[in-house]
Amino acid sequence: MPTQTESAPAYLLLEDGTYLKGKSFGAKGTTGGEICFNTGMTGYQEVFTDPSYYGQVLIMNSVYIGNYGVKNEDTESDSVKIRGLICKNISERYSRMIADDSLQDYLVKNNLVAIHDIDTRALVQHIRSKGAMNCVISTEKHEIEALREELKQVPDMAGLELSSFVSTKEPYYFGDKNAAIRIAVLDYGVKRHILQSMADRGAYLKVYPSRTSYTELAEFEPHGIFISNGPGDPASMDYAVATVKQALEQEKPLFGICLGHQILARANDIPTFKMHHGHRGLNHPVKNLQTGRSEITTQNHGFGVDPESARNSDKVEVTHLNLNDGSIEGIRVKGKPAFSVQYHPESTPGPHDSRYLFDDFISMIKERL
Amino acid sequence: MPRDTSIKSVLIIGSGPIVIGQACEFDYSGSQAARSLREEGIKVILINSNPATIMTDPMMADRVYLLPLTVESIEQILQENDIDAVLPTMGGQTALNLAKDVDELGIWKQYNVRLIGVDIKAIDKAEDRELFRQWMLQLGVPVAQARTANSLLEGKEFAQEIGLPIVIRPSYTLGGSGGGFVMHKEELEAALDHGLKSSPIHEVLVEKAVLGWKEFELELLRDNRDNVAIICSVENFDPMGIHTGDSITVAPAMTLSDTAMQLMRNTAIMMMRDLGNFAGGCNVQFALNPETEEIIAIEINPRVSRSSALASKATGYPIAKIAAKLAIGYSLDELENQITKTTSAYFEPALDYVIVKMPRWNFDKFKGADDTLGLQMKSVGEVMAIGRTFPEALQKACQSLENNAIGLSSVSSAKLRVEELLEYIKRPTWDRIFKIKDAISAGISIKTIREVTHIDRWFLYQIQDIVKLENKIKEYAHLENLPDDVLREAKIMGFSDEQIAQLVKDCTAEEVYEHRKKLNIKRVYKMVDTCSAEFEAKTPYFYSTFESSAISPESRGELVFNESKVSDKKKVIVLGSGPNRIGQGIEFDYCCTHGLLAAKECGYEAIMVNCNPETVSTDFDIADKLYFEPVYWEHLWEIIEHEQPYGVIVQLGGQTALKMAQWLHEKGIKIIGSSYDSMDIAEDRGRFSDLLKEMGIPYPNYGTAYDSDEALEVAKEVGYPVLVRPSYVLGGQRMRIVINDEELEKGVLSLLKHLPGNKILIDHFLDRCQEAEVDAICDGEEVHIMGIMEHIEPAGIHSGDSHAVLPSFNLGQLEVDEMVDYAKKIALRLNVKGLINIQFAIKDGKVYVIEANPRASRTTPFIAKAYGVPYLNIATKVMLGEKKLKDFDIVKKLEGYAVKEPVFSFNKFPKVNKELGPEMKSTGEAIRFIKDLRDPWFRTLYKERSMHLSK
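Residues numbered from 1 in each chain as written. Chains lettered and ligands numbered in written order. Predicted model: local features only at pLDDT ≥ 70, side-chain atom pairs only at ≥ 80, totals over all residues.

(A) Structural detail: the overall build of chain B. Assigned secondary structure in chain B consists of 32 helices and 33 strands. Taken over C-alpha atoms, the radius of gyration comes to 27 Å for chain B, in line with the 30 Å a tight globule of 951 residues would show. Oriented by its inertia axes, the alpha-carbon framework of chain B measures out at about 75 × 75 × 65 Å. Looking at the 951 residues of chain B, the share that counts as buried comes to 61%. (Helix = DSSP H or I, 4+ residues; strand = E, 2+ residues; numbered from the N terminus. Rg over C-alpha atoms; globule rule 2.2 N^0.38 Å. Buried ≥ 20, exposed ≤ 12 C-beta atoms within 10 Å, placed from the backbone.)

(B) Quick look at the overall build of chain A. Within chain A, the secondary structure is distributed over eleven helices and 19 strands. In terms of overall dimensions, chain A is globule-like: its C-alpha atoms have a radius of gyration of 20 Å, near the 21 Å expected for 369 residues. For the C-alpha atoms alone, the extent of chain A along its principal axes is close to 65 × 45 × 40 Å. Burial statistics for chain A: of 369 residues in total, 60% are counted as buried. Taking the intrachain contacts of chain A between residues at least 6 apart in sequence as the baseline, contacts between residues at least 24 apart amount to 75%. (Contact = placed C-beta atoms within 7 Å.)

(C) Layout of the domain arrangement of chain A. Residues and elements named next belong to chain A. Looking at the assigned domains, one finds that chain A contains domain 1 (4–152) and domain 2 (163–367). A straight line from the C-alpha centre of domain 1 to that of domain 2 covers 28 Å. When the residues that make up the side of domain 1 that touches domain 2 are grouped by side-chain class, the tally is eight nonpolar, ten polar and five charged. (Domains from an automatic or database assignment. Nonpolar A, V, L, I, M, F, W, Y, C, P; charged D, E, K, R; others polar.)

(D) Representation of helix 30 (residues 860–867) of chain B within the structure. Residues and elements named next belong to chain B. For helix 30, the tally of buried residues reaches seven of eight residues, placing the bulk of the element in the interior. Turning to helix 30, its buried residues number three or more, namely Thr860, Pro861, Phe862, Ile863, Ala864, Lys865 and Ala866. Looking one or two places after helix 30, you find Gly868, whose phi comes out positive at around 65°.

(E) Seen up close, the sheet that holds strand 19 (residues 571–575) of chain B. Residue and element names in this part refer to chain B. Read across the open sheet, the six strands follow the order 17-18-21-20-19-22; overall the sheet is mixed. Of all strands in the sheet, those with a lone pairing partner are strand 17 (524–527) and strand 22 (647–649), marking the two edges. Neighbour-to-neighbour, the strand axes of this sheet turn through a mean angle of 30°, independent of strand direction. The pairing of strand 19 with strand 22 spans three bridges and is parallel. Among the inter-strand pairings, Ile573 is bridged to a residue of strand 22, identified as Val648. (Pairing = 2+ DSSP bridges. Axes fitted to C-alpha atoms, helices over the stretch in contact; angles between N-to-C directions.)

(F) Geometry of the interface of chain A and chain B. Contacts between chain A and chain B engage 52 residues on the former and 60 residues on the latter. Mapped onto the side of chain A that touches chain B, the elements with two or more residues apiece are strand 2 (19–26), helix 3 (120–130), strand 15 (272–288) and strand 16 (294–305) of chain A. Here the element with the most residues in the side of chain A that touches chain B is helix 3 of chain A; it accounts for eight residues. The residue inventory of the side of chain A that touches chain B, partitioned by class, reads 17 nonpolar, 23 polar and twelve charged.

(G) Summary view of the pairing of strand 3 (residues 30–38) of chain A. Residues and elements named next belong to chain A. Of all nine residues that make up strand 3, eight are buried, and the element is covered over most of its length. Inspection of the sheet shows strand 3 paired to strand 9 (residues 134–138) by five bridges, in the antiparallel sense. Bridge assignment links Glu34 to a residue of strand 9, and that residue is Asn134. Summarising the sheet, strand 3 and strand 4 (residues 56–60) pair through five bridges and their orientation is parallel. By the bridge assignment for strand 4, Glu34 is matched with Gln56.

(H) Region of interest: the pairing of strand 14 (residues 254–257) of chain A. Residue and element names in this part refer to chain A. Judged by which residues are buried, strand 14 turns out to be covered on both faces: Leu254 and Gly256 on one side and Phe255 and Ile257 on the other are all buried. Once you follow strand 13 (residues 224–227) into helix 8 (residues 238–249) and on to strand 14, the crossover reads as right-handed. Strand direction decides the pairing type here: strand 14 and strand 19 (residues 338–341), joined by four bridges, are parallel. Following the sheet pairing, Leu254 is matched in strand 19 by Ala338. (Right-handed = clockwise from strand over helix to strand, strands pointing away.)

Written out as structure tokens, the structure is:
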């Protein structure tokens with residue numbers, strides 16, 4: 001095994017001219033996307049395979065990645081979804097008896113370009129103050145000019161529709177087909193454990209491509225509709241808003257997570273906005289205004305629901321608030337069986353405090369059976 | 001739920017004298033709790049018998065009781081004060097046990113005092129091994145197979161049923177006292193007997209041993225609304241079977257997948273919620289089977305602990321402070337993050353660095369002790385190091401230990417052969433990690449090392465990376481040939497300049513430093529902010545690291561690598577005393593804390609440098625700026641270069657800080673107060689005696705020697721009995737009294753074996769003389785005698801181990817006057833600015849000076865407490881030159897006498913000779929006030945004074 005000094009160099013360029021040399025890890029090549037950071041200390045594999053990260057280059061704040069290798073079960077989709085990875089240290093040799101592979105081999109297999117030996121803390125502070133921006137990582141080019149050319153190819157995240165890229169192309173079924181409850185899932189980039197969480201609670205799911213009309217969903221005769229998480233700007237997804245509006249009119253039990261939360265908000269005339277640098281991690285405190293109890297949540301979002309409009313809305317009620325910055329974490333549609341949260345109650349990775357929300361959804365459906 | 005306004009006054013119970021397993025971490029938590037409650041306008045009454053603590057300082061509480069931790073003392077306090085509630089979760093096992101005793105007698109009820117933070121039922125469930133086990137089974141949490149035994153016979157039966165190996169865990173003991181493994185049938189009976197006798201209720205748990213499993217801890221907070229947050233996950237480097245206090249520990253957990261982590265988190269939360277009435281900080285320990293990732297619960301501690309003190313320092317999250325607020329009714333979501341001041345206290349800290357804690361042992365003080373590490377804690381202190389790579393944190397921890405380690409390099413020169421190494425590392429000992437590194441260097445495979453040690457491969461790989469880099473550096477025989485990127489990597493991996501110098505062999509550490517400085521390979525300082533930089537933090541808590549991005553010439557842009565911004569204020573650095581050990585402990589934390597506060601009062605920016613996580617002086621809001629770094633020259637020097645302080649205070653951090661004086665002097669850095677030269681005179685036996693001779697002050701005859709021949713010569717001159725000791729040591733290390741040539745030679749040989757090349761001091765020993773000591777403050781013109789303490793035991797017992805009475809009780813006025821006179825003369829002659837401690841021997845009416853230390857001594861806090869005078873505050877202002885003694889109106893308040901009682905931890909080392917001598921062995925002390933010499937406790941003590949020699 002080569003020691004660190006012997007590994008090949010890699011280069012990172014940010015839109016604002018920040019340029020750093022690091023070491024290559026994973027696949028060789030050039031990649032680009034919007035830079036963001038995740039503060040979680042466990043669950044890197046689940047994060048890398050989360051479709052909501054599509055189009056993004058991820059900084060892991062935690063100083064070590066790869067310590068426990070990878071395991072086939074610990075994935076949220078069939079492949080790595082992040083566009084690039086920036087780390088402080090990567091463990092080439094892992095320790096986990098039940099693991100299937102090393103992170104290095106896994107990333108090569110998934111053709112992911114990664115860079116390490118970067119001062120990730122300084123970089124995160126920079127993003128925190130300057131806001132999200134695009135970046136490129138390359139193991140092939142190191143001249144700033146050449147990298148700048150690459151950077152031009154990376155699209156701006158605002159206004160970008162990305163769900164179509166990660167959504168299923170064909171509908172498929174999930175769970176026990178004899179289950180008493182049927183749920184139609186609008187897949188904008190759904191995480192596998194969200195489906196699992198509903199199936200575990202006795203639901204049979206049919207997962208639909210992102211651009212599916214309400215009429216098509218109705219053919220499944222679902223008892224409830226789930227609006228999934230996913231990447232990109234909800235403002236570019238009028239097709240999804242239209243479907244959800246129709247579902248609301250039909251008084252179908254609805255549950256939305258993350259992007260699904262933003263779409264439910266938009267379906268109720270509440271605008272969304274691009275956040276300065278987003279929330280990504282496993283430690284965000286959220287207060288449930290209905291029970292008074294708080295929960296530690298998993299988060300991954302770069303867009304948010306406009307707080308002013310949500311609070312003043314006559315259509316929805318704010319049910320959950322972020323204890324750190326007061327942002328809107330959950331809403332319920334007044335007089336309709338529909339609610340949504342900005343965070344990830346399936347929590348893979350992350351604390352399981354919010355899994356009760358799936359129970360709530362199932363109960364809501366059962367009440368209407 | 002907002003705070004319970006019916007609580008207007010709270011009693012906090014401290015943990016008493018320092019013993020192994022219960023040290024100054026409880027001063028840290030108690031102090032934080034006291035401040036936290038007073039912030040809320042609550043009156044705080046505090047009891048602790050330990051005078052060296054900050055928590056018992058008048059500034060910490062509304063009323064402080066320096067009383068023995070007994071039911072009687074509690075009753076006295078309740079009679080004298082109107083107390084609404086008692087908080088027993090801040091003073092370790094001692095406080096919990098006392099609260100329980102008081103409860104059993106119905107005293108809390110009688111005085112209408114509520115127990116807050118925890119209720120008795122919860123304590124019982126957690127502390128009683130059998131109740132805990134039953135409770136876990138009820139909850140469906142797996143535990144190791146076990147049975148409770150109250151007799152030898154029962155124990156033997158259960159052992160037979162479960163099968164060896166087993167673990168014996170006594171109920172209600174401290175730091176795992178009396179516990180142990182039984183691997184072989186022959187050991188069973190003795191181990192059971194010992195365990196049963198160690199338990200106050202004669203009860204042990206006979207448990208199936210889970211050898212080779214990994215050990216983890218979670219530190220949690222829970223409020224009375226059932227909100228729970230995990231503040232920190234800690235992974236033990238050492239596998240199950242070694243007390244966590246004796247394990248190297250790492251935070252955050254390094255080898256835990258999210259599924260395993262969440263399984264632990266869920267289990268811990270379930271346990272916490274089911275514990276009963278509890279609001280505060282708690283610790284849960286788990287073992288994990290690496291083959292299946294199943295876990296079992298080991299124990300739960302419903303109180304703040306050594307681990308929570310570490311977790312607080314490791315994350316920046318002040319657990320005790322928040323725990324105290326939760327105890328008075330607040331819920332987590334109502335409180336703010338103390339570090340960011342803008343986000344919520346209800347969150348789980350995210351770390352973007354690695355923490356390594358290493359214990360510090362003192363086996364050299366306990367000859368004959370079994371130094372195998374196991375279930376019973378044996379270490380006396382600990383260090384914590386922070387780095388951005390695991391090897392960096394690990395090597396910084398080694399550099400913090402003060403056992404001559406310059407990194408993860410051999411501390412002993414003895415080279416073992418491969419077979420010996422393999423045998424050596426099978427047994428967990430204090431230096432096993434150093435030997436594991438040697439074993440890897442010798443080419444033993446990671447697989448083999450893992451098999452014999454059960455240490456996780458990930459950690460072994462990291463050590464192997466250190467070895468590989470070491471080999472690579474060795475290839476370049478000259479510093480000039482060493483490629484820049486190899487040097488960069490060495491620094492990123494935590495190698496000290498000294499290590500690099502020894503590896504390239506042709507240069508000094510200083511040259512490595514200058515060389516790398518030219519290459520811009522300098523430290524940057526990063527903040528400990530609880531949130532991995534997600535939010536802006538206000539806390540001035542820093543650690544050093546090396547970042548490629550910062551030191552690479554290719555980086556472009558506006559990134560800020562160094563977060564420690566230097567202010568334009570006048571700054572002073574206070575040096576701490578490193579890990580606690582026998583002879584240098586909590587007293588110096590007391591001194592440093594006061595030094596920092598006094599410097600702040602004088603308008604300085606007060607900067608703290610230390611690596612001991614148990615201390616108050618390293619709390620996030622004591623100093624203006626904290627560098628959590630080894631008290632090791634290379635680190636200190638880079639901080640000085642960065643901060644450009646006005647000066648450095650070395651007087652308050654014991655011998656550790658004093659050792660830095662020579663380097664500071666050579667670099668031309670101002671030493672605050674007494675100069676390096678006056679310290680050197682006092683330390684150098686030759687120079688000091690010459691000075692005394694010149695001043696006409698008597699001292700015992702002495703001589704110095706470098707080998708046994710010279711020593712025999714000197715002994716003949718000064719006359720037997722003689723005291724033999726090395727120069728520049730702490731707490732009488734390796735000091736002994738000998739009465740003839742044969743003993744002398746033996747002593748000298750053993751000394752030279754351990755400290756080759758050391759100058760040996762040989763003093764005539766004044767047999768059966770009386771001993772006393774004086775602490776004083778001098779401003780260069782005037783000397784104030786803080787106190788005279790007379791030792792009860794005759795000479796021959798180290799001053800730290802003897803009972804001492806303040807003021808003197810038996811010495812004649814003439815003798816006292818003479819001591820005062822000598823002390824004043826010496827202080828002025830040494831041009832002391834600040835503190836000095838002088839030890840005297842009195843024989844046949846004649847006063848001899850034994851030694852002088854121009855720094856804060858072990859007794860300084862004691863005297864300050866006994867007289868109720870803020871002596872450390874005064875001394876700091878004097879040494880800074882901000883005030884003269886005449887500016888203070890010093891009034892000593894003491895009725896009767898204050899007696900200092902040494903406290904020992906011999907129960908941790910059953911086979912050790914408990915005889916006292918010139919080498920210090922006590923781990924802590926208590927204070928006891930007596931009205932007069934007729935006090936029955938004192939009379940007994942006095943009558944038996946000579947018996948202590950062989951106790």
